[in-house]
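Letter by letter, the chains look like this.
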Amino acid sequence: MRRILEHKRLILFLATAGFMLYGFCGMFDRLRDVFLDPKEDMSFGWLVPVFSAYALWTVRRELKESVGKASFLGLLACLPFAAVALLGTRGLQVRLEQVGFVGLCVTVPWAFFGWSTARLCVFPAIFLLFTVPMSSFLDVVTIHLRLLASGTAFAVLKGFGVQVVQQGTAIIAQGAHSFNIDVAEPCSGLRSLVALMALTAAYAWFTQPTWFRRGLLFACAIPLAVLGNVVRILTICLCAAWASADFAMGFYHDYSGYVIFIVAIACMVACGEIVSRLCPASRGEKPPARGKKARGADDAKRFEGRAFEGLKCVRELDASATADGAGARPAGRAGPLLDAAPPAAEGCRMWLAAAATLVLAPVFVFQAMTPVTTIMDPPEFELPARMPGCQTDGIRYCHNEQCLRTVMVSRLSEGRNVCPVCGGDLHEVTLGEKTILPADTRIVKRVYRTSYGIQFLVSAVVSGKYKHSIHRPELCMPAQGFIMREPRDIVAGGRPFRAIHLQGANSFPSVLAYTFFNQAGVRTASHTHRIFLDTWDRSVHNRIDRWVMVTVNASAPFDSGGFDLDHESDRLLFEGFLANLSEHLP
Ligand SMILES: [Zn+2]
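Here, residues in each chain are numbered from 1, in the same order as that chain's written sequence. Totals for whole chains, interfaces and linings use every residue, but because this is a predicted model, local features are given only for residues with pLDDT of at least 70 and side-chain atom pairs only at 80 or more, for both listing and counting. Neither water nor hydrogens contribute to the side-chain values; these are computed over all heavy atoms in the structure.

Caption draft 1: Geometry of the overall build of the protein chain. Elements are defined by DSSP. Helices are runs of H or I of four residues or more, strands are runs of E of two residues or more, and each kind is numbered from the N terminus. A count of helical and extended segments in the protein chain gives 18 helices and 16 strands. Classification of the 586 residues of the protein chain by burial places 46% in the buried group. Considering only residue pairs separated by 6 or more positions, the protein chain has 69% of its internal contacts joining residues 24 or more positions apart. Surface accessibility follows the Shrake-Rupley procedure with a 1.4 Å probe radius. Residue values consider only the protein chains on display as shielding. Of the accessible surface of the protein chain, which amounts to about 29,700 Å², a share of 64% is contributed by carbon and sulfur atoms. Relative accessible area decides the class of each residue, using a 1.4 Å probe on protein chains only: under 20% of the type maximum gives buried, over 50% gives exposed, and in between gives partly exposed. Residue contacts are defined here by distance: any two heavy atoms, one from each residue, within 4.5 Å place the two residues in contact.

What follows is the structure, given as structure tokens:
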């Protein structure tokens, strides 16, 4: 009877798991695209679920032994994760879906088999988080990684007597071996950081017996990966300074990463040894669950544990049997937990397992049936061709990595779209914007110049279907070597703007102002407000709003005092310009 019930419960669990996989079909599709997208740099993502499955396979014996009663608490815990996943599926928010999926990988086994089983699923499930696309999400971190790498390279190159200047994340040398190396987003070391963290997590789980030691080894991965990237950028710069920029940015740039990654892995293994020496397993600790060396002792301890559990079961059973008034079970049959569980309680919990299937399966089917997200039409607008008191001009960018000049359209001879300095092709967006932003992002730019030589560079970025079309200036301006100070809010022409003073190393002080609007007519200057509205529209209305970010950079290229909002004349001029611009925007 009990065995049949057990089989029925397993079938219910497998059916629920099947419905769950069906519900997450859309997420698997999206993740496949992420893994195949060279911009996301996540080719290692394929290995992550394989490892998780393997980690689960190594504990199959413990899994079998751990099976307990179905848990009502586990079923309750499933619900928030199912909700998060459902909201993520609406509006193509793959990270939310992933958080939901990982949570369900623990809570569904918990609902069906109890916490002891779910506990064994925690590590394989959390490991799946290494498939979360990070590149567009962690720019807060990558900007510091990039500045650290370029700053260290700059300091060491100076020490070697190489004539270089640092401009944000770029290192530029003039002279016999001139080069221009920008520690761009892909070079931030984030990929090697995430890959090394995943490897270390796996290595620590197999070799370290306690969670404390695993955590210690895992923490070592971060400085190791960061250091590895700094060394890599530094050697690229040294190659460029002493050999040639072409060799450094070509062959050496492409292959040095692998060598340094292997060295980092060797260091990680060494760290593992040090952790083992520094924190020897004390008597109270659990022996390594999967270590080969300690297998004999391990098995003996596990046997003791199980025998104890069995005895405990018998005692509980005796107590319950006495309470029920039924005959006591013959003593001495200290079998595994399953055998000892009272059949009456088992049947009751079977009902709970059936309830879990009945609750969760429709949720997953509903998730799979989520209608295709509506992508709204972008708001129609053009940057004004004329502005009172201003001359206007277009702007083009050279994409040759050793040149990267900015060229005004008025200075190009008729119909020629090539860089006057290097002869390379000119584009309407910078090389950085083209490589980082999703392909469906639209960018328009225009320059307005007053007769006093004040220049306003206006750019409008129309976001596509992904959230990372719009970058926060607070993050990307420091990457270009600017210090930001004295942010303030301005309202001009009935539109809110956020204005910030910029101080660059090689330019006069200038001012940057930005504002957002969308196709529904919402106007805001707050990133937080925009992100909240965007997430709300995606999750609740299942539609993707097309946000436009307009930035205005005001500078005075011929005035060493720069452009400063603390000067009354500059402030009035700026507010007048923003009000005029605002009239032309929806
Ligand atoms: Zn050029």
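So much for the structure itself; the text now carries on.
Caption draft 2: How the structure looks around a nonpolar patch on the surface. Patch definition: residues with relative accessible area over 30% and no salt bridge; like charges joined within 9 Å; nonpolar side chains (Val, Leu, Ile, Met, Phe, Trp, Tyr) joined within 5 Å. The working definition used for a salt bridge is a side-chain nitrogen of Lys or Arg within 4 Å of a carboxyl oxygen of Asp or Glu. A cluster of nonpolar side chains, Phe72, Leu73, Leu76, Leu79 and Val359, forms an exposed patch at the surface whose accessible area comes to about 450 Å². By residue number, the principal contributor to the nonpolar patch is helix α5 (residues 72-89), which donates 4 residues. Along the chain, Leu73 falls in helix α5.

Caption draft 3: Here's a closer look at the sheet that holds strand β3 (residues 179-182). As summarised here, the arrangement of the 3 strands in space is β1-β2-β3, forming an open sheet in which the pairing is antiparallel. The open sheet terminates on both sides in strands that have one partner only, identified here as β1 (164-167) and β3. For this sheet, the mean inter-axis angle between neighbouring strands, taken without regard to orientation, is 15°. With 4 bridges connecting them, strand β2 (residues 170-173) and β3 associate as antiparallel partners. Of the residues in β3, the one forming a bridge with Ala173 is Phe179. Its contacts with the sheet put helix α10 (residues 211-242) on β2 and β3, and the angle it makes with β3 is roughly 170°. By the convention used here, strands pair only if DSSP detects at least 2 bridges between them. Here an axis means a line fitted to C-alpha atoms, over the contact stretch when the element is a helix, while the angle between two N-to-C directions is reported on a 0 to 180 degree scale.

Caption draft 4: Representation of the sheet that holds strand β6 (residues 395-398). Strand order across the open sheet formed by 3 strands is β7-β6-β8, with antiparallel pairing between neighbours. Edge positions in the sheet fall to β7 (406-408) and β8 (426-427), since each of these pairs with one other strand and no more. Looking at chain direction, β6 and β8 are connected through 2 bridges and run antiparallel. By the bridge assignment, Cys398 is partnered in β8 with Leu426.

Caption draft 5: Focus on the packing of helix α3 (residues 47-58) against helix α7 (residues 115-127). With their axes 8 Å apart at the nearest point, α3 and α7 run at an angle of 170° to one another. Here α3 lies roughly antiparallel to α7, going by the angle between them. On α7, the residues that touch Val48, Phe51, Ser52, Ala55 and Leu56 of α3 are Leu120, Cys121, Phe123, Pro124 and Phe127. Only Asp, Glu, Lys and Arg are considered charged in this grouping, and only Ala, Val, Leu, Ile, Met, Phe, Trp, Tyr, Cys and Pro are considered nonpolar; every other residue, Gly among them, is considered polar. Residue classes in the contact of α3 with α7 are distributed as 9 nonpolar, 1 polar and no charged. Between 65 and 115 degrees an angle is taken as roughly perpendicular, under 35 as roughly parallel, over 145 as roughly antiparallel, and anywhere else as oblique.

Caption draft 6: Focus on the pairing of strand β11 (residues 482-492). Alignment of β11 against strand β12 (residues 495-504), held across 9 bridges, turns out to be antiparallel. Pairing of Arg488 across the sheet is with Ala499, part of β12.

Caption draft 7: Molecular detail of the pattern of salt bridges. Inspection of every chain in the model, using the stated rule, returns 14 salt bridges. In this structure, Asp29 and Arg32 form a salt bridge, with 3.7 Å as the shortest nitrogen-oxygen distance. Taken as a pair, Asp29 and Arg32 lie in helix α2 (residues 25-36) at a separation of 3 residues, close to a single helical turn.

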